[in-house]
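Each chain, written out:
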Amino acid sequence: MTTRLPPLVLHLLAALACLVLLVLLTLVTDPFTNLRIATVGYYLIAVAGLALLTGFNGQVSLGHGAFMFIGAYTVALLVKRVPAFPIWVDLLLAVVAGGLAGLLAGAAAARLHGPYLAGATLALAVGLPAVAQRFPDLFAGSNGLSFTVNSQPAGLVGVVPATRWQAWIVWLAVLLALVVLVNLARGRLGRTLRAVRDDEVAASLAGVHVGRTKILAFLISSACGGLAGGLQAFLLGTAAPGSFTPALSLSLLAALVLGGLGSLWGALWGAIALVYFQVWTDDFAELLSLRSDIADNLPLALYGVVLIVIVLAFPAGIQGGVRKLWVRVRRPAPSQRGEK
Amino acid sequence: MRSRRSVTAIALTCALVLAACGGAGETPAAGNADKGEPAPGVTDTSVLIGTHQPLTGPAAPGYGKISVGAKAVYSYINDNGGINGRKIDYKVEDDGYNPTKTVEVVKKLVLQDKIFAMVGGLGTPTHSKVVEYLNTEGVPDLLVSSGALMWDDVAKAPKTFGYQVDYTREGKIQGQYIKDNFAGKKVGLLVQGDDVGTDTQKGLDQFVKDQIVSRQTYDPANTDVTPQLSALQAAGAEIVVCECIPAFTALTILTSLKIGFKAQLVVSSIGADPATLTGLVEQFAKQGGSQVSGAALLTGIIGTRYLPSVRSGEDPWTTFFKQIHDKYIPDEAFTDTLVFGMVQAYTFGQALKAAGKDLTRQKLVDAMYSGELKGPGLTPFAFSKDSHAGYTGALVFQIAADGSVKTLQEAKTTDRDNGPVQDAKSDRPKPEEVKLVG
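This part covers the overall build of chain A. Scanning chain A from N- to C-terminus turns up 15 helices and two strands. Since a compact globule built from 340 residues should have a radius of gyration of about 20 Å, the 21 Å found for chain A is in line with a globular shape. With the C-alpha coordinates of chain A rotated into their principal frame, the extents come out at 70 × 55 × 50 Å. In chain A, buried positions account for 52% of the 340 residues. Accessible area of chain A: about 15,700 Å², with a carbon and sulfur share of 71%. Looking at charge distribution, chain A has the averaged site of its 22 positive side-chain charges lying 14 Å from that of its 12 negative ones.

This part takes up the state of the cysteines. Summed over the entire model, instances satisfying the criterion amount to one disulfide over all chains. For B:Cys242, the disulfide goes to B:Cys244, at an S-S distance of 2.2 Å. Between B:Cys242 and B:Cys244, the S-S torsion sits near -120 degrees, and that sign places the bridge as left-handed. B:Cys244 matches B:Cys242 in its accessibility class, with the two residues each being buried. Distance from the sulfur of A:Cys18, which forms no disulfide, to the nearest cysteine sulfur (A:Cys224) is 16 Å. Taking the relative accessible area as the measure of exposure, A:Cys224 reaches 8% and is therefore buried.

This part takes up the environment of A:Leu53. Residue and element names in this part refer to chain A. Secondary-structure assignment places Leu-53 in helix α2 (residues 31–56). Each C-alpha atom of the pair Leu-53 and Gly-259 lies 15 Å from the other, and the pair is 206 residues apart in sequence. When near neighbours in sequence (up to four residues on either side) are disregarded, Leu-53 contacts Gly-58, Gln-59, Ser-61, His-64, Ala-217, Phe-218 and Ser-221.

All names here are of chain B. Ordered by their spatial adjacency, eight strands build an open sheet running β6-β5-β7-β8-β9-β10-β11-β12, and the pairing between neighbours is mixed. The sheet is open, and its two borders are formed by β6 (212–218) and β12 (422–423), each paired with just one other strand. Pairing analysis gives four bridges linking strand β9 (residues 302–305) to strand β10 (residues 393–399), with the strands arranged antiparallel. Note that in β10 the partner of Ile-302 across the bridge is Gln-398. The strands that helix α8 (residues 195–208) touches are β5 (187–192), β6 and β7 (239–243); relative to β6, the one it contacts most, it runs at about 170 degrees. This element, helix α9 (residues 226–234), spans β5, β6 and β7 of the sheet and lies at about 180 degrees to β6.

Let's shift gears to the confidence of the model for chain B. Residue and element names in this part refer to chain B. Across chain B, the average pLDDT comes to 87, with 91% of residues at 70 or higher. This stretch, residues 6–21, has a pLDDT under 50; its non-local contacts, to residues over four places away or in other chains, come to 18 contacts. For this predicted complex, the interface score ipTM comes out at 0.85, while the overall pTM is 0.86.

A few words on the pairing of strand β1 (residues 46–53) of chain B. Residue and element names in this part refer to chain B. Most of β1 is tucked away, with seven of its eight residues classed as buried. By the bridge criterion, eight bridges tie β1 to strand β2 (residues 87–94) in an arrangement that is parallel. Within the sheet, the bridge partner assigned to Leu-48 lies in β2 and is Asp-89. Bridging between β1 and strand β3 (residues 117–119) involves two bridges; their strand directions are parallel. For Gly-50, the partnering residue across the bridge sits in β3 and is Met-118.

All names here are of chain A. As for its placement among the helices and strands, His-11 is situated in helix α1 (residues 7–28). Classification of His-11 by relative accessible area gives buried; the value is 15%. Those residues within four positions of His-11 in sequence are excluded, and the remaining contacts are Val-179, Val-182, Asn-183 and Arg-186.

Turning our attention to unusual backbone geometry. Residue and element names in this part refer to chain B. Non-glycine residue Tyr-97 carries a positive phi angle of around 60 degrees. Mapped onto the fold, Tyr-97 is located in the loop between β2 and α4 (99–112). Even without being a glycine, Leu-143 presents a positive backbone phi close to 55 degrees. The topology assignment puts Leu-143 in the loop between β4 (141–142) and α7 (167–181). Looking at Leu-143, the relative accessible area reads 0%, which means it is buried.

Further remarks concern the interface of chain A and chain B. In this complex, chain A contributes 53 residues to the contact, which on the side of chain B involves 47 residues. Buried surface at the junction of chain A and chain B, both sides included, amounts to about 4,000 Å², of which 58% is carbon and sulfur. Area buried by chain A at its contact with chain B is led by A:Phe32, A:Asn143 and A:Asn150, which between them contribute 16% of it. Our count for the contact surface shared by chain A and chain B stands at zero salt bridges. Per-class residue counts for the side of chain A that touches chain B are 28 nonpolar, 19 polar and six charged.

Moving on to the nonpolar core. Where a protein is soluble and globular, its nonpolar side chains tend to be buried together. Within the largest apolar cluster, 118 residues are counted, with the highest numbers of intra-cluster contacts made by B:Tyr74, B:Phe321 and B:Phe348. Ranked by the residues each element gives to this core, the list is headed by helix α14 (residues 336–355) of chain B, at eleven residues. Setting aside residues no more than four positions away along its own chain, B:Phe348 makes contact with B:Ile49, B:Tyr74, B:Ile88, B:Val119, B:Leu142, B:Leu143 and B:Leu364. Of all hydrophobic cores here, the second largest spans 107 residues; its members include A:Ile45, A:Phe147, A:Leu172 and A:Leu264.

Moving on: the packing of aromatic side chains. All names here are of chain B. Summed over the entire model, instances satisfying the criterion amount to 28 aromatic pairs over all chains. Members of the aromatic cluster, joined through ring pairs, are Phe-161, Tyr-163, Tyr-306, Phe-340, Tyr-369, Phe-381, Phe-383 and Tyr-391. One Lys or Arg, Lys-107, reaches over the ring of Tyr-133 and ends 5.1 Å from the middle of that ring. Above the plane of the ring of Phe-397 lies Arg-305, whose end atom (NZ or CZ) is 5.2 Å from the centre.

Residue and element names in this part refer to chain B. Position of His-388 relative to the elements: it lies in the loop between α15 (361–368) and β10. With a relative accessible area of 1%, His-388 lands in the buried category. Among the polar contacts made by the side chain of His-388, one reaches the main-chain carbonyl oxygen of Thr-160 at a distance of 2.7 Å. When sequence neighbours within four positions are dropped, the list of residues in contact with His-388 reads Trp-151, Asp-152, Val-154, Ala-157, Pro-158, Thr-160, Phe-161, Gly-162, Tyr-369 and Phe-383.

Residues and elements named next belong to chain B. With burial as the criterion, each face of β9 is covered, one bearing Ile-302 and Thr-304 and the other bearing Gly-303 and Arg-305. Taken together, the two bridges between strand β8 (residues 264–267) and β9 define a ladder with parallel strand orientation. Bridge pairing in β9 places Val-266 opposite Ile-302.

Okay, the pattern of salt bridges next. All names here are of chain B. Tallied over the entire structure, the rule returns 14 salt bridges over all chains. Residue Glu-93 is joined to Lys-91 by a salt bridge in which the shortest nitrogen-to-oxygen separation is 4.0 Å. Assigned by exposure class, Glu-93 and Lys-91 land together as buried. Among the salt bridges present, the one from Asp-199 reaches Lys-202, with a minimum N-O distance of 3.9 Å. In this pair, Asp-199 and Lys-202 both sit in helix α8, three residues apart, roughly one turn of the helix. Take Asp-199: its relative accessible area is 7%, and that puts it in the buried class. Lys-202 gets classed as partly exposed once you look at its relative accessible area, which sits at 47%. Each member of the salt-bridge network shares a partner with another, and the members are Lys-91, Glu-93, Lys-108 and Asp-113.

The rules behind the values
- Residues numbered from 1 in each chain as written.
- Chains lettered and ligands numbered in written order.
- Predicted model: local features only at pLDDT ≥ 70, side-chain atom pairs only at ≥ 80, totals over all residues.
- Heavy atoms only, no water.
- Helix = DSSP H or I, 4+ residues; strand = E, 2+ residues; numbered from the N terminus.
- Rg over C-alpha atoms; globule rule 2.2 N^0.38 Å.
- Buried < 20%, exposed > 50% of the residue type's maximum accessible area, 1.4 Å probe, protein only.
- Areas by Shrake-Rupley, 256 points an atom, 1.4 Å probe, with all protein chains shown as cover.
- Lys, Arg positive; Asp, Glu negative; His and termini not counted.
- Charge placed at Lys NZ, Arg CZ, Asp CG, Glu CD.
- Disulfide = S-S within 2.5 Å.
- Contact = heavy atoms within 4.5 Å.
- Pairing = 2+ DSSP bridges.
- Axes fitted to C-alpha atoms, helices over the stretch in contact; angles between N-to-C directions.
- pLDDT = per-residue confidence, 0-100.
- Buried area = accessible area lost by both parts, 1.4 Å probe.
- Salt bridge = Lys/Arg side-chain N within 4 Å of Asp/Glu carboxyl O.
- Nonpolar A, V, L, I, M, F, W, Y, C, P; charged D, E, K, R; others polar.
- Core = buried A, V, L, I, M, F, W, Y, C linked by side-chain atoms within 4.5 Å.
- Phe/Tyr/Trp six-rings, centres within 6.5 Å; stacked < 30°, edge-to-face > 60°.
- Lys NZ or Arg CZ within 6 Å of the ring centre and 35° of its normal.
- Polar contact = N/O pair within 3.5 Å; in protein donor to acceptor, adjacent residues only side chain to side chain.

Shown next as structure tokens:
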């Protein structure tokens, strides 16, 4: 019997295995599917960050799109103004910028509960993109910034399609961030977060600094948002206020609820749903050849229906359903065990 | 433990090295345009084109109908045998006026659907994010639905061509008209806070700089324009030049009514479609809990346009498009916005015809400035080897009480710099003189 590996190494190895799988997946799919796979990646880290905040710590944020906005503009400005920085420095700084903004927002939010917190964070999503309009010389107003990120090593240009390379970078960053998140969530911090979520008084009696924990959750969560935004900017070469509407923040939260609040796996299902439900319903709407004003709005309506159905059928989201199924497979139901 | 730590360290180092390859600087990777391969999206019997449109979201009221009009014209072309024997397959992707979504759907059109050309991509904040990509990939990017100056950049975007009269040209024509007809009156400006505003101002300032008493901007995300209009009222503006999209022209009309501000409204072509405005004014008023007559509120508004109006019944092109409308989309209201899409589709058809039977992307691009593109528009295009700007001018009209439009000043053309504003040459052919299909 070998000694158990420490969790960090275990998670790193798992991440490495995931990366290998993803590289293989991108190799057998076409360049556009690679782009979608990368899109799932950056949504995953945004939703996972939100899972830590909302699912683990019980702080509802309706404004997480604002941190993506900060991350995206950080990368955009760095690429345009300091082109010598390699992309990983840009992304790291996007994480830092998102985290700092989250620290400020969290410090204010730690005093708020439930609907008041939701309202405050929604204000962030509504108000922050207007900053781009306030300083048009720096942020280019409503038009936003567009740029090309030249990250591919010279030797790979023309050999590997650009979107495939981008998918690799996105997932590498996402998996590294996930390793950090999983370690935090599984460890002492995770327990503290849940303690504060379940009963603040009990937690503080047990010696947990409630306010500090809440701010820390906000910081980590918005750093993830910053990374997600930075990756989006890296992937699509744009940062514009029109992309970070309150609707984005709401859809992140909806994706989290859909995937399952309580675990980081839920973030994966949520991110996949965010990208692929839209695609499938689009195709479905096209198939029906309806009047244009109905067909245009059908995808969103269907998404809403699916969200309602899933939440009704599996209150714990897709991950809840998967876990139920898994339990049933592992341990047959009483009737099948021959118990009468 | 030591060895395990080093495993971690090695894994991390590998990851960082992999990510660190190359700076993120702005220099684009080597383009792969024009590899001499057969053109994507083209077969002997069909040609696939794509576009991105706001079918949902903030710009959908009004602009959502453009692709409906275009589709009707493509159906008409296809039912009459196509162009050079090829049917046109028109793929419309919804981007919700969200730049991130635009980049995604355009990459889908190029990489997955493999379109031959992009036609009429809509919006300045949206389309500006894909111009470089389309040009790097060598995809012809024709008739962009926006009047920003940036589509006319032959050196940086050789495959991109404008469509609308650009905002500076239009601003010059408006400025000159105001200077000639409202000399000495105080002018207030209400403009969208992006290129629409800055580009227009460049034109207006050449004529009415000393008449302007106040300049206000609005942001499309904020639908309350009361502060802006109150400021214009306080400044004593007698003429209000509104460079607004349809929804904000409608809001301006209603807000002026609310605060009792009676100034002569001068609206630019992007927001001056009377049919769309009537609908929006009545709809917004209803949402606010009151009943208004759109026709009464619109009476007297001055606007500019460069396409035939659905309300000028004697124009042969209006008649032609009305026939297509009645046959293919009789349930849709016949508006100037619909005609915008129809003219765009028709113009693309002409370019495709001129590109010839042996179709390549380069031939299509060359056809754009071949001088073959004449027709529905009231002024010529600026297309040449050195210019990719669209329509070169506009006429000035006024909305009458009976809902018709009265021409105040015939079409004039100008350039985007300091050149003169002069009468447009009228060499506009009739529909039957243009042989498009077959």
